[in-house]
Structures are given as structure tokens and as C-alpha cells.
Amino acid sequence: MLTWLAVIMLVLLLLGFPMMVPLAAGTLFMMFTGMTFFGPDQAVSWMINGIGSWVLAAVPMFIFAADILTKGHTANRLLDVVDAFTRHIRGGLPITTAASCALFGAVSGSTQATVVAMGGPMRPRLLAKGYKDDFTLGLIINASDIALLIPPSIGFIVYGVVMKTSIGDLFLAGILPGLMILAMFALYCYIYSRIKGIEAEPRASWRERARAIRRVILPMGFPVLVVGGIYGGFFSAVEASAVAVAYALLLEVVIYRQVSIRDLGSLALSTGMITAVVFILVAIGAAFSQTLGTAGVPDKILGPVIDGIGDNQFLALLLIAAAFFIGCMFVDPIVVILILVPIFKPLVDATGLDPVHVGVIVTLQAAIGSATPPFGCDIFTAIAVFRRPYMDVIRGTPPFIVILALATIILIMFPQISLLLPSLGGD
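Each value, and the rule that gives it
Residues numbered from 1 in each chain as written. Predicted model: local features only at pLDDT ≥ 70, side-chain atom pairs only at ≥ 80, totals over all residues. Heavy atoms only, no water. Axes fitted to C-alpha atoms, helices over the stretch in contact; angles between N-to-C directions. Helix = DSSP H or I, 4+ residues; strand = E, 2+ residues; numbered from the N terminus. Parallel < 35°, antiparallel > 145°, perpendicular 65-115°, else oblique. Left-handed = near helix turned anticlockwise from the far one by under 90°. Contact = heavy atoms within 4.5 Å. Nonpolar A, V, L, I, M, F, W, Y, C, P; charged D, E, K, R; others polar. Phe/Tyr/Trp six-rings, centres within 6.5 Å; stacked < 30°, edge-to-face > 60°. Buried < 20%, exposed > 50% of the residue type's maximum accessible area, 1.4 Å probe, protein only. Core = buried A, V, L, I, M, F, W, Y, C linked by side-chain atoms within 4.5 Å. pLDDT = per-residue confidence, 0-100. Polar contact = N/O pair within 3.5 Å; in protein donor to acceptor, adjacent residues only side chain to side chain. Expected span 1.5 Å × (residues − 1). Arc of directions from axis to C-beta.

K.L.:
Would you explain the packing of helix 17 (residues 313-330) against helix 18 (residues 333-351) in this entry?
P.N.:
For any two helices packed against each other, one specifies the crossing angle of their axes together with the interaxial distance. Taken N-terminus to C-terminus, the directions of helix 17 and helix 18 make an angle of 165 degrees; their axes are 10 Å apart at the nearest point. The orientation of helix 17 relative to helix 18 falls into the category roughly antiparallel. When you trace helix 17 past helix 18, the crossing you get is right-handed. On helix 18, the residues touching Gln-313, Ala-316, Leu-319, Ile-320, Ala-323, Phe-324, Gly-327 and Cys-328 of helix 17 are Pro-333, Val-336, Ile-337, Leu-340, Val-341, Phe-344, Leu-347, Val-348 and Thr-351. Along the lines of polarity and charge, the residues of the contact of helix 17 with helix 18 split into 14 nonpolar, three polar and no charged.

This is the structure:
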């Protein structure tokens with residue numbers, strides 16, 4: 001039965017159906033073939049419960065804030081401040097791109113918004129400087145995925161809801177791994193530029209740097225408000241998302257005046273469309289996951305694995321990372337988190353792993369999968385934004401995927417990197 005279930009879902013996926021269709025078909029298959037004893041009414045109940053968590057209200061808020069910022073001038077201000085401090089370094093322009101993607105992730109939490117906001121202005125500059133397009137596209141889509149680790153992160157919110165883990169702890173846990181990956185990308189950009197013989201640009205004056213810093217002070221209030229507000233006890237994650245929207249409106253509508261009141265209708269519609277897709281996936285994914293559980297699929301698959309691993313946390317994390325990496329190569333990361341987290345929860349409990357650390361590993365695999373062929377969502381975002389063929393977009397991704405895989409190994413071996421800030425925040 002499990003083989004037929006996998007075949008049916010894979011065929012539907014390869015035929016081009018939206019991910020919600022294979023998930024729904026898989027749920028119906030298990031119910032009507034006797035793999036589980038619950039009926040459609042229970043499946044509907046699971047779907048409603050899947051989107052019933054109050055914390056998920058933060059998702060449309062952060063998406064709306066990201067849409068407002070992408071429409072406005074915040075992205076350019078972040079680019080300018082990083083460029084002022086890195087342009088004189090060999091590889092300064094791609095380093096600026098990577099760092100700006102991380103900074104924009106800190107104010108948007110969306111990888112696809114980061115591809116649009118940062119890729120648009122930076123790709124022509126990189127090409128004009130002499131960087132090849134495959135390197136440029138690979139850098140943009142992979143650096144944008146750092147946004148999944150830098151708070152606020154929609155991936156962390158979904159994981160926290162499914163795993164019943166503190167969203168605030170997850171936000172803090174992603175900061176140091178995100179900065180570590182940024183440093184690894186910067187080193188690769190430096191080495192690549194030396195090999196290709198691309199010279200650095202003139203050093204910015206301290207007056208230019210001071211001006212750039214002044215222009216970015218207000219946008220950098222986002223991570224302070226979100227993370228500081230949550231850990232300072234001023235508001236919850238959901239309230240933080242509402243504050244983020246209010247702050248985005250204040251910056252782009254009132255102070256910078258790059259977004260008009262008339263723009264808000266179309267931005268809200270865009271947010272509503274994206275949110276609808278996310279919530280449908282969450283609802284159907286929750287029903288599919290619960291159906292798997294009632295059918296005993298996790299025990300059949302992972303029972304012998306748990307017995308074999310015992311309490312070896314390193315092997316457990318390797319298995320979790322491999323499963324999520326492979327899954328995110330083919331399926332939307334949110335769906336993978338919804339399906340696999342409940343399956344692997346017994347393994348996490350049996351080995352005594354910290355769920356916050358596991359959340360960082362899982363979300364990093366979602367970041368890798370977002371830019372990994374064949375179906376990484378940021379690949380298709382780049383295709384739409386830059387109007388380049390599929391093969392041109394993915395040609396430059398392998399070096400960055402290797403870097404991200406190396407970062408995964410480092411984080412598995414040294415969990416303190418992920419857990420340091422949450423431990424300090426909890427004291």
C-alpha cells in the first residue's frame with residue numbers, strides 16, 4: 001500500500017498538479033483503501049485544526065510587511081550601507097549582494113521577496129562588473145535563502161507550530177547560523193573574484209559610510225522590534241508581526257513616501273493570494289500528516305531506524321537533515337515541514353535532541369531546497385523575475401549548495417552555534 005501511495009502522489013506531482021492535489025489524493029487513498037479507520041469528516045476536522053493555531057496569524061502579517069518593503073526603497077538603503085563598507089574588498093560586489101540579502105531577510109522573512117528586491121538592482125551591477133550570469137544567479141537565489149534563518153522566518157513559524165516549540169527561541173537560534181553561512185558565502189565570493197581576476201572598486205569615504213548608516217537606521221528597526229519585542233516580553237510573535245506591518249507602513253508610506261495609499265489594495269491582494277496558498281497547503285498537509293500517523297506509517301518506516309540509532313544524536317541529525325534535504329528538492333519546504341516533522345518527532349524525543357536545534361537544521365534544509373533543482377521555489381522565482389531559462393538559473397548553484405551542505409555538517413557537530421543565543425535569552 002505504501003508503494004502505491006508513493007507512486008500515485010509522484011505521478012500527480014510529475015503531471016504538474018499543484019502540491020495540494022497529491023496531498024489530498026494521498027489522504028483519500030489511505031482512507032478509502034483501509035490503511036486508516038478515519039473518515040472524510042475527521043480529515044476535514046484535521047484540516048481545520050491544522051490552520052487553527054493563533055500563531056499562524058503571523059504569516060500573512062509578515063508577508064504583507066515584506067510586500068510593502070519590496071515595493072518601497074528599503075532594499076536600496078540596505079544595499080547602499082553594505083556596499084559602502086565592502087566595495088573596496090576583492091569580491092566586494094557579490095559580498096554586498098549576499099549581505100544585503102541577509103539584511104533584507106531580517107526585515108522581510110521571505111526568500112522570494114528577497115530574490116525580487118535584491119536580485120533586481122544587483123544582477124545588472126554584477127554583470128557590468130564582469131561576473132558571469134550563472135555565478136550571479138546562483139549567488140542571488142542562494143543568498144536569498146539566508147532569509148529563512150534570519151528572523152522573522154515563516155519557516156520557523158510553521159516548524160514552531162507543528163513541533164510546539166517557542167517561536168522566539170527559534171528566531172534567536174537562526175541568527176548565528178545565518179551569519180556563519182553569510183561569512184562562508186563571502187569567502188567564496190572573495191576566492192571566486194581572485195580566480196577570475198575581477199578587481200575591487202575604490203574605497204568609500206567615511207562621509208559616504210556615515211550617510212549610508214543614517215539612511216539604514218530606521219529599516220534596521222525591524223529585527224530589533226521583532227526579536228527584541230518578543231524576548232523583552234512586550235508582545236507575542238503574532239503581535240510582533242502586526243507591529244512589523246505598522247512599521248513598514250510608517251517607513252514606506254509616511255516617511256519615505258515610496259508607497260501610496262492606493263498601492264495598499266494591490267499589495268493586500270497579493271498578500272491574500274500568497275497566504276491562501278500557504279494556508280491551503282498547511283491545512284491539507286496537516287490532514288495528510290495525521291492520516292499517516294493513524295495508519296501507523298511513521299512507526300513502520302522509523303521504528304527500525306530508531307532502534308538502530310539508539311541515543312546517537314549525531315546519526316539522528318544526519319538522518320533528519322538528509323530526509324529534509326531530499327524532500328525539499330522536490331516539494332515546497334512548508335509541505336515537507338508539515339509532513340516530516342511529526343514523523344521524525346519520535347526520533348527527536350528518543351534521542352533527546354533539542355527541538356530548537358532540530359528546527360535550525362530542518363529550516364536550513366528548507367533553505368537549501370528552495371534553491372536546489374529540480375523544484376526549488378526560488379529557482380522559478382528567478383526564472384520569472386530575470387526571464388532566464390531554467391538551465392541558466394541552476395548552472396551556478398552547485399558551489400553554493402556545497403557550502404550550505406558543509407554548514408549543515410558544522411551545525412550538526414556544533415549545536416552550540418544554534419543554541420547560544422536562546423540560552424542567553426532564557427537566562
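K.L.:
Can you help me understand the packing of aromatic side chains in this one?
P.N.:
Think of a pair of aromatic rings as described by two things: how far the centres are apart, and how the planes are tilted against each other in angle. On inspection of all chains with the given rule, the structure shows 11 aromatic pairs. Here the aromatic rings of Phe-135 and Tyr-188 are separated by 6.2 Å at their centres, their planes lie at 40 degrees, and the arrangement is tilted. With a gap of 53 residues between them, Phe-135 in helix 8 (residues 133-144) and Tyr-188 in helix 11 (residues 175-196) connect regions that are remote in the sequence. Pairing Phe-222 with Tyr-247 gives two aromatic rings, centres 4.9 Å apart and planes at 75 degrees, and the pair type is edge-to-face. Note that Phe-222 is positioned in helix 13 (residues 221-231) and Tyr-247 in helix 14 (residues 237-255), a separation of 25 residues in sequence. You can call Phe-222 buried: its relative accessible area is 1%.

K.L.:
Hey, could you run me through the environment of Ala-113 in this one?
P.N.:
Note that Ala-113 resides in helix 7 (residues 111-129). Here the alpha-carbon distance between Ala-113 and Gly-174, two residues 61 residues apart in the chain, equals 19 Å. Excluding residues within four positions of it along the chain, Ala-113 makes contact with Ala-66, Thr-70 and Phe-104.

K.L.:
For this particular structure, what's the right way to read the nonpolar core?
P.N.:
Soluble globular proteins: nonpolar side chains tend toward being buried together. With 131 residues, the main nonpolar core has Phe-104, Ile-181, Phe-185, Ile-320 and Phe-324 as its most contacted residues. With 12 residues, the top contributor of residues to this core is helix 18. Aside from chain neighbours lying at most four places away, what touches Ile-181 is Ile-146, Leu-149, Leu-364, Leu-404 and Ala-407. The next biggest cluster of nonpolar side chains, apart from the first, holds 10 residues, and it includes Leu-137, Ile-140, Ala-382 and Val-393.

K.L.:
Even after reading the chapter, I still don't get the confidence of the model for the chain, so can you show me in this structure?
P.N.:
Mean pLDDT over the chain: 85, with 99% of residues reaching 70 or higher. Between the elements of the chain, mean pLDDT differs from a low of 72, seen in helix 16 (residues 297-309), to a high of 94, seen in helix 22 (residues 398-413).

K.L.:
Before we go on, may I ask you to explain the side chain of Ser-153 in this structure?
P.N.:
Looking at where Ser-153 falls in the secondary structure, it is placed in the loop between helix 8 and helix 9 (154-163). Side-chain polar atoms of Ser-153 contact the backbone nitrogen of Gly-155, separated by 3.3 Å.

K.L.:
Looking at this structure, I do not really get helix 1 (residues 2-14). What am I missing?
P.N.:
An α-helical turn contains 3.6 residues, so any two residues separated by three or four positions project in the same direction. Its 13 residues place the ends of helix 1 18 Å apart at the C-alpha level, agreeing with the 18 Å of an ideal helix rising 1.5 Å per residue. Along helix 1, the residues that are buried comprise Leu-5, Met-9, Leu-12 and Leu-13. Take helix 1 and look down its axis: the buried residues cluster within an arc of 105 degrees, on one side only. Set apart from the buried face of helix 1 by more than 90 degrees, the exposed residues are Thr-3, Trp-4 and Leu-14. Packing partners of the buried residues in helix 1 comprise helix 2 (20-32), helix 15 (263-294) and helix 17.

K.L.:
Would you mind going over the packing of helix 15 against helix 18 with me for this structure?
P.N.:
The geometry of helix 15 relative to helix 18 is characterised by a closest axis approach of 9 Å and an angle of 25 degrees between their N-to-C directions. Viewed along their axes, helix 15 and helix 18 adopt a mutual orientation that is roughly parallel. In this structure, helix 15 meets helix 18 at a crossing whose hand is right-handed. Residues Val-278, Leu-281, Val-282, Gly-285, Phe-288, Ser-289 and Leu-292 of helix 15 touch helix 18, and the partners they reach there are Ile-334, Val-335, Leu-338, Ile-339, Pro-342 and Ile-343. Within the contact of helix 15 with helix 18, the residues separate by chemical class into 11 nonpolar, two polar and no charged.

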